[in-house]
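Structural features, examined
Okay, here's what each chain looks like letter by letter:
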Amino acid sequence: MKKILAVLAVIFVLCAAGTALAADTIKIGYLAALTGDYAQYGLTEVNMAKMVVADFNAKGGILGRKIELIPYDTKTRNEDAVNAVRRMIDSDKVCVIVGANSSGINIATAPIVDKGKVPQISTVGTNPFVTVDNKNKVRPYSFRMCFTDPYQGELAAELAFKDLKLKKAAILYNVGSDYAQGLREYFTKSYTKLGGKIVADEGFRDTDVDFRAQLTKFKDSGAQLMFLPGMGKDMALAIKQAQELGLKVTIVGGDGYGEFMNEIAGPAMKGTYWVNHTYLEDPGMQPIFARYKKVYHDDCKEFVNGTMAYDAMYWVMDAIKRAGKADGPAIAKALESTKGLKLHHCVLTIDPATHNPLKKAGIILKVGDDLHTKFYKKIQPK
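Some remarks on the packing of helix H11 (residues 303-323) against helix H12 (residues 328-336)
A pair of packed helices is characterised by two quantities: the angle between their axes and the separation of those axes. At a closest axis distance of 8 Å, the pairing of H11 and H12 adopts a crossing angle of 115°. In this view, H11 runs roughly perpendicular relative to H12, as classed from their interaxial angle. At the point where H11 passes H12, the crossing takes the right-handed sense. Every residue of H12 that contacts H11 at Trp315, Ala319, Ile320, Arg322 and Ala323 is listed here: Ala330, Ile331, Ala334 and Leu335. Its residues placed into classes, the contact of H11 with H12 shows 8 nonpolar, no polar and 1 charged.

Section: the packing of aromatic side chains
Going through the model one piece at a time under the given rule, you end up with 14 aromatic pairs. What links up through ring pairs into an aromatic cluster is the set Phe161, Phe187, Tyr191 and Phe227. For the cation-ring pair, Lys167 lies above Phe161, with the distance from its terminal atom to the ring centre recorded as 3.9 Å. Its guanidinium or amino end placed over the ring of Tyr173, Arg184 lies 4.1 Å from that ring's centre, counting from NZ or CZ.

Things to note about the sheet that holds strand E4 (residues 120-122)
Across the sheet, 5 strands lie side by side as E2-E1-E3-E4-E5; this open sheet has parallel pairing. In the strand order of this sheet, the two ends are held by strand E2 (67-73) and strand E5 (142-144), each with one partner. Neighbour to neighbour, the strand axes of the sheet diverge by 25° on average, direction disregarded. Two elements, strand E3 (residues 96-98) and E4, share 2 bridges in a ladder whose sense is parallel. By the bridge assignment, Ile97 is partnered in E4 with Gln120.

Here we look at the sheet that holds strand E10 (residues 273-276)
Taken together, the 7 strands give an open sheet; going across it, the order is E7-E6-E8-E9-E10-E15-E16, and neighbouring strands pair in mixed fashion. With one partner strand each, in any of the chains shown, strand E7 (197-204) and strand E16 (373-379) form the two edges of the open sheet. Sheet twist, expressed as the mean angle between neighbouring strand axes with direction ignored, is 20°. When E10 meets strand E15 (residues 362-367), the two strands line up antiparallel, connected through 4 bridges. In the sheet register, Val275 faces E15, and the bridge partner there is Ile364. The strands touched by helix H7 (residues 212-221) within the sheet are strand E6 (168-174), E7 and strand E8 (225-228), with E7 carrying the most contacts at an inclination of about 170°. Its contacts with the sheet put helix H8 (residues 232-244) on E6, E7, E8, strand E9 (250-253) and E10, and the angle it makes with E8 is roughly 160°.

Here we look at empty space enclosed by the protein
For the structure on display, the rule yields 2 cavities of 30 Å³ or more. If you add up the space inside the largest cavity, you get close to 50 Å³. Taken together, Ala33, Tyr38, Thr74, Thr76, Ala100, Asn101, Ser102, Ile105 and Met231 make up the lining of the largest cavity. Of the residues contributing to the lining of the largest cavity, the split by class is 5 nonpolar, 4 polar and no charged. Its boundaries defined by the atoms lining it, the second largest cavity holds a volume of some 30 Å³. What lines the second largest cavity is simply Tyr257, Gly258, Glu259, Lys301, Glu302, Phe303, Val304 and Asn305. Looking at the lining of the second largest cavity residue by residue, the classes come out as 3 nonpolar, 2 polar and 3 charged.

Here we look at the pairing of E7
Of the strand pairs in this sheet, E6 and E7 are connected by 7 bridges, and their pairing is parallel. Opposite Leu172, over in E7, you have Glu202 as the bridge partner. You can see the chain leave E6, run along helix H6 (residues 178-194) and come back into E7, and the turn it takes is right-handed.

Thoughts on the nonpolar core
One finds Ile28, Leu31, Met48 and Met313 to be the most contacted residues of the largest nonpolar core, which totals 68 residues. If you look at the next biggest cluster of nonpolar residues, it comprises 55 residues, including Phe211, Ala223, Leu228 and Ile364.

Things to note about the pairing of E15
Within E15, 5 of the 6 residues are buried, which leaves the element mostly enclosed by the surrounding structure. With 6 bridges connecting them, E15 and E16 associate as antiparallel partners. Each bridged residue has a counterpart across the sheet, and for Ile364 the counterpart in E16 is Lys377. Between E15 and E16, which pair antiparallel in sequence order, lie 5 residues; one of them, Leu371, sits at a positive phi of approximately 65°.

Focus on the environment of Gln214
Relative to the elements of secondary structure, Gln214 occurs in helix H7. Take Gln214: its relative accessible area is 10%, and that puts it in the buried class. Here the alpha-carbon distance between Gln214 and Ala242, two residues 28 residues apart in the chain, equals 9.7 Å. Setting aside anything within four residues of it in sequence, one finds Gln214 in contact with Leu172, Glu202, Gly203 and Phe204.

Some points on helix H4 (residues 103-116)
The end-to-end C-alpha separation of H4 is 20 Å, in line with the 20 Å expected for 14 residues at 1.5 Å each. Along H4, the sharpest kink reaches roughly 40°, centred on Thr109 and followed within four residues by the proline Pro111. All of the buried residues along H4 are Ser103, Gly104, Ile105, Asn106, Thr109, Ala110, Ile112 and Val113. Its buried side turned inward, H4 meets strand E1 (26-32), helix H3 (78-92), E3, E4, E5 and H6. For H4, the N-terminal capping position is held by Ser102, with its side-chain oxygen 3.4 Å away from the main-chain nitrogen of Gly104. With its phi angle positive at about 55°, Lys117 sits one or two positions after the end of H4.

Cut-off values and rules
Residues numbered from 1 in each chain as written. Predicted model: local features only at pLDDT ≥ 70, side-chain atom pairs only at ≥ 80, totals over all residues. Heavy atoms only, no water. Axes fitted to C-alpha atoms, helices over the stretch in contact; angles between N-to-C directions. Helix = DSSP H or I, 4+ residues; strand = E, 2+ residues; numbered from the N terminus. Parallel < 35°, antiparallel > 145°, perpendicular 65-115°, else oblique. Left-handed = near helix turned anticlockwise from the far one by under 90°. Contact = heavy atoms within 4.5 Å. Nonpolar A, V, L, I, M, F, W, Y, C, P; charged D, E, K, R; others polar. Phe/Tyr/Trp six-rings, centres within 6.5 Å; stacked < 30°, edge-to-face > 60°. Lys NZ or Arg CZ within 6 Å of the ring centre and 35° of its normal. Pairing = 2+ DSSP bridges. 1 Å grid on protein atoms, 1.4 Å probe; cavity = no way out; pocket = protein on both sides within 12 Å on 5 of 7 lines; lining within 4 Å. Points joined across faces, edges and corners; volume = space filled by probe spheres on them. Right-handed = clockwise from strand over helix to strand, strands pointing away. Core = buried A, V, L, I, M, F, W, Y, C linked by side-chain atoms within 4.5 Å. Buried < 20%, exposed > 50% of the residue type's maximum accessible area, 1.4 Å probe, protein only. Expected span 1.5 Å × (residues − 1). Bend = angle between axes of the 7 residues up to and from the residue. Polar contact = N/O pair within 3.5 Å; in protein donor to acceptor, adjacent residues only side chain to side chain.

Okay, here's the thing in structure tokens:
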């Protein structure tokens, strides 16, 4: 009996030690689409986040504690994202969340992180309502790494009208996407203000894969430009079908572009333009992309998501250090007060009134003959 009790005592001590060790880690949640149509974006982000965590842990972690990354799959659905964020806060006890890259998901999870007092950073959620409510009041626990749709829409309009000299535009957008609706709205405002004309404006649903009816209308409209405020596969299919229909237009889109689109649309992608946050040749990211290839035995194809995830994680680490503790409210305050933080693709200063980066440069990418994007132009806000 004494031997049994002794064994049980040892087991209890080991379990207690294991529990204490787990409790002693700083837990960071990561919200991303790991399955479904947008998995290429999400998997790249989580891979980059793991690299950052490994680097910091190799140096002892933060505040004398190791870091534990806890990723969850949104499955590109708001309801799954909301449930995941609840579990992160209530069960996993994370102190901060990075992701997702979707405006709609971040808008849906904003009330949850606000209630739980855990800050959340969207990597590429560009809709203004990610960080402010419908009364333009800042959401206290919502932040973003990227610029916003009003600015992105303005850049796309100026590229189309001033740089490419295209006066007539057709727009194809997902009616169920907050991102697409917002970018469409701001592009339209800027483009028409410059003197451009919207000659066709057609929507589609999430499940649609055939856009020939809308594209035929575009062909009849006399459009010189097709603006695509969409995400990944939908845009690639539309571009491929446009070529098959003989629609002769220049294509401009936003940061929903992904390199995997080139595999879907093939040569139809040549000569398309995309407003984005960074570029593959960015000198600050070259060592990181090289390490990504070494670690994962693959190129960082979704380099935009990879860059934004990598620097978002570094921003989080800096905020935890400045907060001095793994506490949601303290980290939120540190994120909000970020000023002149040198990251790998930018120098980051946050506007406390909006939780948006201030004066972040926009990059225009163009798909070349080799079906890879090339740096076309950088636009630095005044």
